[in-house]
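# Secondary and tertiary structure notes
Now for the letters of each chain:
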Amino acid sequence: MDDWLAHLSILECDGPDAARFLQGQTSANIDHADGEFAPLTAFCTPKGRMIANAEVLKVAAERYWLLLDASLAAPLATQLGKYAPFYKMTLRHREDLALIGMIGEPESWVGNATLPVLPDLDWHMSRQGDTVALRHPANRPRFLLILPISEVPSRWQAANLDVHGATTAQWRHADIEAGVAWLTAEHSDTFLPQMINWEALGGISFRKGCYTGQEIVARAHFRGQVKRRLQIAMLEGTSAPAIGADIRSADDKRVGEIFQAAIGEDATHCDALVVLNTSQTDASALFVGDRNLTLRELPYPLERLDPEKVVGA
């Protein structure tokens, strides 16, 4: 078994002050990370721009894992490391862990005694021993297993699992279909959380205390000052455009950019996450170069989802 999601990684925060430390840095209420609900979060600059976004997993009484894009694990560790010496905790990039994705629900997984019981709800987790299972949104069941790399061969053999993990391309395509935007190093310090619909996915708690960038994030929400928004789109052609590629209107004005793109499952077009100006009301004629871009409906309402309504659901 060697089909791992190399584009994702785990940054570990461990120690008596780990929760207090994270509470002052993240847009999530860390109290919501209870070992079952694994909330989304954002780490921001004082100006409210996201350095990284992540999912928070509580894996022990004083230990949290941050699931995020691998290109941001080291930069985020450096940023958080500026404040970590004032707390009784350590930061560690867990390069010894394998992240294995599965799209669909193979019968050999369900009820397998060597694996955690798979969560029923999106953004929830379960754990058995040193293995964690996460459920992510998709039009089919989608799970992420996290376990020590050294344990993968023996665990797969003991479980008698004749399955292959999702490739990075398949997992990223599922994220596009779900309207979930994970920042990479190319996106860092570019977007407010609301620009990638993070509050619509429950990634911002507006009821918790202060955190870095909180004032700007809250002001943008309550004053309706979000000038760009994430949408799903379909692009003609089968070559994926670069991250940041311009999206232009019929009169050749730049009205947005490509956030992420992947070749569609039928190999006849590209599916993409795009960030468009909210002032662009005509979506009938959008282009990336000479290729036509068509917007698609998001799979969730574009409105605030308080994580307080999700925890314990």
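Below, the structure is looked at part by part. (Residues numbered from 1 in each chain as written. Predicted model: local features only at pLDDT ≥ 70, side-chain atom pairs only at ≥ 80, totals over all residues. Heavy atoms only, no water.)

### Some details on unusual backbone geometry
The backbone of D189 shows a phi angle near 65°, a positive value even though the residue is not glycine. Within the element layout of this structure, D189 appears in the loop between α4 (168-178) and α5 (214-222). Phi at N197 is positive, roughly 65°, even though this residue is not glycine. Secondary-structure assignment places N197 in the loop between α4 and α5. The exposure class of N197 is buried, given its relative accessible area of 0%. (Helix = DSSP H or I, 4+ residues; strand = E, 2+ residues; numbered from the N terminus. Buried < 20%, exposed > 50% of the residue type's maximum accessible area, 1.4 Å probe, protein only.)

### Description of the sheet that holds strand β9 (residues 142-148)
Across the sheet, which stays open at both edges, the four strands sit in the order β6-β9-β8-β7 with antiparallel pairing between neighbours. At either end of the open sheet lies a strand with only one pairing partner, and these are β6 (97-103) and β7 (124-128). Taking each pair of neighbouring strands and ignoring which way they run, the sheet shows an average axis angle of 20°. The pairing of β7 with strand β8 (residues 131-135) spans five bridges and is classified as antiparallel. When the sheet's bridge partners are listed, S126 is paired in β8 with A133. Contacting β6 and β9, α4 crosses the sheet at an angle of about 135° to β9. (Pairing = 2+ DSSP bridges. Axes fitted to C-alpha atoms, helices over the stretch in contact; angles between N-to-C directions. Contact = heavy atoms within 4.5 Å.)

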